[in-house]
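One letter stands for each residue in the lines below.
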Amino acid sequence: MNKRTSFLFALAAMAATVAAVWFVNRPAPATQASWQDVVKEAEAGGYGLITTEELADRYDQDPDNMLLVDTRQEWEFRTGHIQGALNFSMEPTRWARWQKTDELETFLGPDKGRTIVFY
């Protein structure tokens, strides 16, 4: 193989590598979930939805029997959260939630009859 052919192969390999790295790390457009999407995901996951007023009432009645999990990023959690809430940061994508399934089960521990609220 001559030098020109070797150079072209090396250049093509570099271009393919750069393209692959860009493709994997490109920003994904954010989509806004509709209320129907939230309801559908809740039904599929087997959990219920409550209003903020109902959450406040439950929290006022028995905060010790409630586990609040704040799924925002750590810096958002540090800027303010409900007293007693724990932070388990999670990106709002199905892939991220799927990747953290085992970690979340370990984080939550055994269910001891507590009400678990994600926000």
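Residues numbered from 1 in each chain as written. Predicted model: local features only at pLDDT ≥ 70, side-chain atom pairs only at ≥ 80, totals over all residues. Heavy atoms only, no water.

Participant: Lay out a nonpolar patch on the surface in plain terms, naming residues and giving numbers.
Facilitator: Residues Phe7, Leu8, Leu11 and Met14 make up a contiguous nonpolar surface patch of about 420 Å² in total accessible area. As for its position among the elements, Leu11 is in helix α1 (residues 3–25). (Patch = residues over 30% accessible without salt bridge, like charges linked within 9 Å, V, L, I, M, F, W, Y side chains within 5 Å. Areas by Shrake-Rupley, 256 points an atom, 1.4 Å probe, with all protein chains shown as cover. Salt bridge = Lys/Arg side-chain N within 4 Å of Asp/Glu carboxyl O. Helix = DSSP H or I, 4+ residues; strand = E, 2+ residues; numbered from the N terminus.)

Participant: Pulling in residues and values, what's your account of the pattern of salt bridges?
Facilitator: One pass over the structure, following the stated rule, counts 3 salt bridges. Notably, a salt bridge pairs Arg78 with Glu74, separated by 3.3 Å at the nearest N-O pair. Within this pair, Arg78 and its partner Glu74 are both found in helix α4 (residues 74–79), separated by 4 residues, close to a single helical turn. Judged by relative accessible area, which is 48%, Glu74 ranks as partly exposed. (Buried < 20%, exposed > 50% of the residue type's maximum accessible area, 1.4 Å probe, protein only.)

Participant: Outline the nonpolar core, supporting the account with residue identities and numerical values.
Facilitator: Counting 6 residues, the largest nonpolar core is built from Leu67, Val69, Phe88, Met90, Leu104 and Leu108. Elements with a contribution of two residues or more to this core: β1 (66–70) and α6 (101–108). Ranked by size, the runner-up nonpolar core spans 5 residues in total, among them Leu55, Met66, Leu68 and Ala85. (Core = buried A, V, L, I, M, F, W, Y, C linked by side-chain atoms within 4.5 Å.)

Participant: Residue-level account of α1, with values.
Facilitator: Its 23 residues give α1 an end-to-end C-alpha distance of 33 Å, which sits within 8% of 33 Å, the value for a rise of 1.5 Å per residue. Regarding α1, its N-cap is Asn2, as a side-chain oxygen of that residue lies 3.2 Å from the backbone nitrogen of Arg4 further along. (Expected span 1.5 Å × (residues − 1). Polar contact = N/O pair within 3.5 Å; in protein donor to acceptor, adjacent residues only side chain to side chain.)

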